[in-house]
Amino acid sequence: MTIRGKEMDTKYIFVTGGVVSSLGKGIISASIGKLLQARGYKVTIQKFDPYINIDPGTLNPYEHGECYVTEDGMETDLDLGHYERFTGIHTTRHNSITTGRIYKTVIDRERHGDYLGKTIQVVPHITDEIKRRMLRMEVDELTSGQVDKSDVNGKGNNSSTRQLVNSLTEYDFVITEVGGTIGDIESAPFMEAIRQLRWQLGRDAVCVHLTYVPYLKAADELKTKPTQHSVKELQGMGIQPDILVLRTERHLDDSMRLKVASFCNVDLECVVQSEDVPSIYEVPVRMQRQGLDAAILRKIGIPVGETPAMKPWNNFLQKQRDAAREVHIALVGKYDLQDAYKSIRESLNLAGIYNDVKAKIHFVNSEEVTEGNVAEKLNGVTGVVICPGFGQRGIEGKIIATEYTRTHDIPTFGICLGMQMMVIEFARNVLGYKDANSAEMNPDTPHNVIDMMEEQKSITEMGGTMRLGAYECELQEGSRAYEAYNVQESMVNGQCSIKERHRHRYEFNNKYKEEYEAKGMKCVGINPAADLVEIVEIPTLKWFVGTQFHPEYSSTVLHPHPLFMSFVKACSE
Ligand code: GLN
């Protein structure tokens, strides 16, 4: 990026949260990213999580919601889904860091002898590793041994640190969101790293702090004290926030903002409120209206210039407001938690808006679905998603739901485990293999229509060892999937190869392929390198498609996913 003919140094924005969790730091970070991007800057957004797991891949969705997968196969926090949906950027393994990964890198390096006899400590070794990653000096733990020993400590020499940073970063802005809440013991090293970076980077770093202003009904008052305390806590760690974003359920008047500004040493124009809005996608424009992006630029010393019109985004918002007709879609899964199927919910929601309808999602707990109640459970829905997942629990309910939608010709979308359930149901009820199953659920099943992938058989480690990330898939011409991808402008007519993200250990067993095809379930998407079935469909039904990959990870606000578009269209007809 050049500003007035001069190369611009990379700027760093740190986003922290106080008072309580779940304030929507991810949405605010994504919104800042969007607004800066709309001004023509090259942006990336990364998340630092204070837990010890190397990545969230081994976490139960009840802990932190869905596990989002990047194109390069990293299992990450669901906030990366917001970053991608808002900005359309592709994140990578470098955009999702945990305390566990930081420690692992440092400990591996220590075992390798890289520290030459030094005592390894939280400060400076852990904080240095955090800083290195915050600055996007992308040292990969997998290449430990060829570690970049460059000094990020600064040691009072700001200019040499600055030089090092510049040469390694391709972005104009790196936005870093830190998980957890100020005051947590476990996030302290991250705060110390931010404090040091602030000092070293000077004006090139900006701290945005998100807090909560509660409304006390009995007193009929909004209270700023928790915000004041949160900022004090941050100041106690040596960090003065530049910008405060106040989450609130009620509008804050200027006197409230002024009070916060003067108690917290923050300019009035840098106190922004984030009121509850009907849709998270309204947040960027609300922030823009209050000048959040302009305040960031001013703090950094970049000329603010004109406010971008964000035409496509605003067109989308208008479509969202206009979409009135409701389409009812069931999500058949086992995690009764909003965040567990976040990307699927958002993909349905976005595809609905672009189809001029409101997708109303009804969660159906697959553990409770029986032959006797399936009709009642799916009553009134015009489409069903069979959700991804792992393990035995709840799968029989998914199979029953699949049988019901297949025999009643209700549009059905099976994703990953959902696709595998479609395959098993078909084997049991059409091919006549009553004992058909996935080797995941019963390793000794005589009809293993879903089997473990060959390369998975020797793996014993659980973390990061599945088939992860984007792989190619060739689409069969004339199939429903092919049609869906082809109506998107991004597809050049005739092109039949796509790339989608994966997260699985089991696959369609090719031994049975011919039988399936003969009886009407077609394998219409194949990975050319591994001859792996990626998509199955029953073309004689209205819309009955299962994908081994996860299309939900690549749906964005401005580019809804073609399969979701086509599915919701079928549900709304
Ligand atoms: N458990 C299945 C597998 O590992 C499906 C995984 C998923 O739905 N993400 O193959």
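Below you will find a few notes about this structure.

1. Observations concerning the state of the cysteines
Here is step 1 of the chain: Per the stated rule, a full pass over the model turns up 0 disulfides.
Here is step 2 of the chain: The thiol of Cys 270 is unpaired, and the distance to the nearest cysteine sulfur, on Cys 207, comes to 12 Å.

2. Some thoughts on the site of the ligand
Here is step 1 of the chain: Close contacts around the ligand come from Pro 388, Gly 389, Phe 390, Cys 416, Leu 417, Gln 420, Glu 440, Arg 503, His 504, Arg 505, Tyr 506 and His 550, and that covers them all.
Here is step 2 of the chain: One of the backbone nitrogen or oxygen atoms of Gly 389 is found 2.9 Å away from an oxygen atom of the ligand.
Here is step 3 of the chain: Out of a free accessible area of 290 Å², the ligand has 99% covered by protein chains.
Here is step 4 of the chain: Looking at the shell around the ligand, its residues break down into 5 nonpolar, 4 polar and 3 charged.

3. Quick notes on the sheet that holds strand E14 (residues 326-333)
Here is step 1 of the chain: Pairing is mixed in the open sheet, where 9 strands are placed in the order E15-E14-E16-E17-E25-E24-E23-E20-E21. Both edges of this open sheet fall to strand E15 (358-365) and strand E21 (497-504), since each of them pairs with a single strand only. Averaged over neighbouring strand pairs, the angle between their axes works out to 25° when direction is ignored.
Here is step 2 of the chain: Here strand E23 (residues 522-527) pairs with strand E24 (residues 532-537) via 5 bridges, running antiparallel. Bridging across to E24, Lys 522 finds its partner in Glu 537.

4. Examining helix H4 (residues 99-111)
Here is step 1 of the chain: Between its first and last C-alpha, H4 extends 18 Å over 13 residues, near the 18 Å set by a 1.5 Å rise per residue.
Here is step 2 of the chain: Considered for burial, the residues of H4 that qualify are Thr 99, Gly 100, Arg 101, Ile 102, Thr 105, Val 106 and Arg 109.
Here is step 3 of the chain: Tucked into the core, H4 has its buried residues touching strand E4 (43-49), strand E7 (96-98), helix H5 (122-134) and helix H7 (188-201).
Here is step 4 of the chain: Just beyond H4, the residue with positive phi is Gly 113, at close to 85°.

5. Remarks on the nonpolar core
Here is step 1 of the chain: Ile 13, Ile 32, Leu 36, Phe 173 and Ile 243 are the most contacted members of the largest nonpolar core, which has 58 residues in total.
Here is step 2 of the chain: In terms of residue count, helix H1 (residues 25-38) provides more of this core than any other element does, 6 residues in total.
Here is step 3 of the chain: Membership of the second largest hydrophobic core comes to 42 residues, among which are Ala 436, Val 449, Tyr 516 and Phe 544.

6. Here's the deal with the pattern of salt bridges
Here is step 1 of the chain: With the rule as written, the count across this model stands at 33 salt bridges.
Here is step 2 of the chain: Among the salt bridges present, the one from Lys 42 reaches Glu 170, with a minimum N-O distance of 2.5 Å. Of this pair, Lys 42 sits in the loop between H1 and E4 while Glu 170 sits in the loop between helix H6 (158-168) and strand E8 (173-178); the two residues are 128 residues apart in sequence, bridging distant segments of the chain.
Here is step 3 of the chain: Taking relative accessible area as the criterion, Lys 42 reaches 40% and is therefore assigned partly exposed.
Here is step 4 of the chain: The residue Asp 79 makes a salt bridge to Lys 47 at a minimum N-O spacing of 2.9 Å. Of this pair, Asp 79 sits in helix H3 (residues 79-87) while Lys 47 sits in strand E4, and the two are 32 residues apart along the sequence. Of the two residues examined, Asp 79 and Lys 47, each falls in the buried class.
Here is step 5 of the chain: When salt bridges that share partners are traced, they join Lys 47, Asp 49, Asp 77, Asp 79 and Glu 177 into one network.

7. Observations concerning the packing of aromatic side chains
Here is step 1 of the chain: Evaluated as defined, the whole model comprises 19 aromatic pairs.
Here is step 2 of the chain: Ring geometry for Tyr 68 against Tyr 553: centres 5.1 Å apart, planes inclined by 75°, an arrangement best described as edge-to-face. Pair noted here: Tyr 68 is in strand E5 (residues 68-69) and Tyr 553 is in the loop between strand E25 (544-547) and helix H19 (562-572), with a separation of 485 residues, a long-range link.
Here is step 3 of the chain: Judged by relative accessible area, Tyr 68 falls into the buried class, the value being 0%.
Here is step 4 of the chain: Using a relative accessible area of 4% as the deciding quantity, one classes Tyr 553 as buried.
Here is step 5 of the chain: Ring-pair connections join several aromatic residues into one group, and the members of that group are Phe 86, Tyr 281, Trp 313, Phe 316 and Tyr 354.
Here is step 6 of the chain: The ring of Tyr 215 carries the charged tip of Arg 250 above its face, separated from the ring centre by 3.7 Å.

8. Re the sheet that holds strand E13 (residues 271-275)
Here is step 1 of the chain: The 7 strands are arranged E7-E4-E8-E3-E9-E12-E13 in an open sheet whose pairing can be described as parallel. Each end of this open sheet is capped by a strand with a single partner; those strands are E7 and E13. Strand-to-strand twist across the sheet, computed as the mean angle between neighbouring axes with direction ignored, equals 20°.
Here is step 2 of the chain: In this structure, strand E3 (residues 11-17) lies alongside E8, joined through 5 bridges in parallel fashion.

9. Let's talk about the pairing of E14
Here is step 1 of the chain: In terms of burial, E14 is a largely internal element, 6 of the 8 residues being buried.
Here is step 2 of the chain: In this sheet, E15 lies alongside E14 in parallel orientation, the contact comprising 8 bridges. When the sheet's bridge partners are listed, Ala 330 is paired in E15 with His 362.
Here is step 3 of the chain: Considered for its hand, the β-α-β crossover made up of E14, helix H13 (residues 342-354) and E15 is right-handed.
Here is step 4 of the chain: Across 4 bridges, the pairing between E14 and strand E16 (residues 383-386) is parallel. In the sheet register, Ile 329 faces E16, and the bridge partner there is Gly 383.

Conventions adopted
- Residues numbered from 1 in each chain as written.
- Predicted model: local features only at pLDDT ≥ 70, side-chain atom pairs only at ≥ 80, totals over all residues.
- Heavy atoms only, no water.
- Disulfide = S-S within 2.5 Å.
- Near = heavy atom within 4 Å.
- Polar contact = N/O pair within 3.5 Å; in protein donor to acceptor, adjacent residues only side chain to side chain.
- Areas by Shrake-Rupley, 256 points an atom, 1.4 Å probe, with all protein chains shown as cover.
- Nonpolar A, V, L, I, M, F, W, Y, C, P; charged D, E, K, R; others polar.
- Pairing = 2+ DSSP bridges.
- Helix = DSSP H or I, 4+ residues; strand = E, 2+ residues; numbered from the N terminus.
- Axes fitted to C-alpha atoms, helices over the stretch in contact; angles between N-to-C directions.
- Expected span 1.5 Å × (residues − 1).
- Buried < 20%, exposed > 50% of the residue type's maximum accessible area, 1.4 Å probe, protein only.
- Contact = heavy atoms within 4.5 Å.
- Core = buried A, V, L, I, M, F, W, Y, C linked by side-chain atoms within 4.5 Å.
- Salt bridge = Lys/Arg side-chain N within 4 Å of Asp/Glu carboxyl O.
- Phe/Tyr/Trp six-rings, centres within 6.5 Å; stacked < 30°, edge-to-face > 60°.
- Lys NZ or Arg CZ within 6 Å of the ring centre and 35° of its normal.
- Right-handed = clockwise from strand over helix to strand, strands pointing away.

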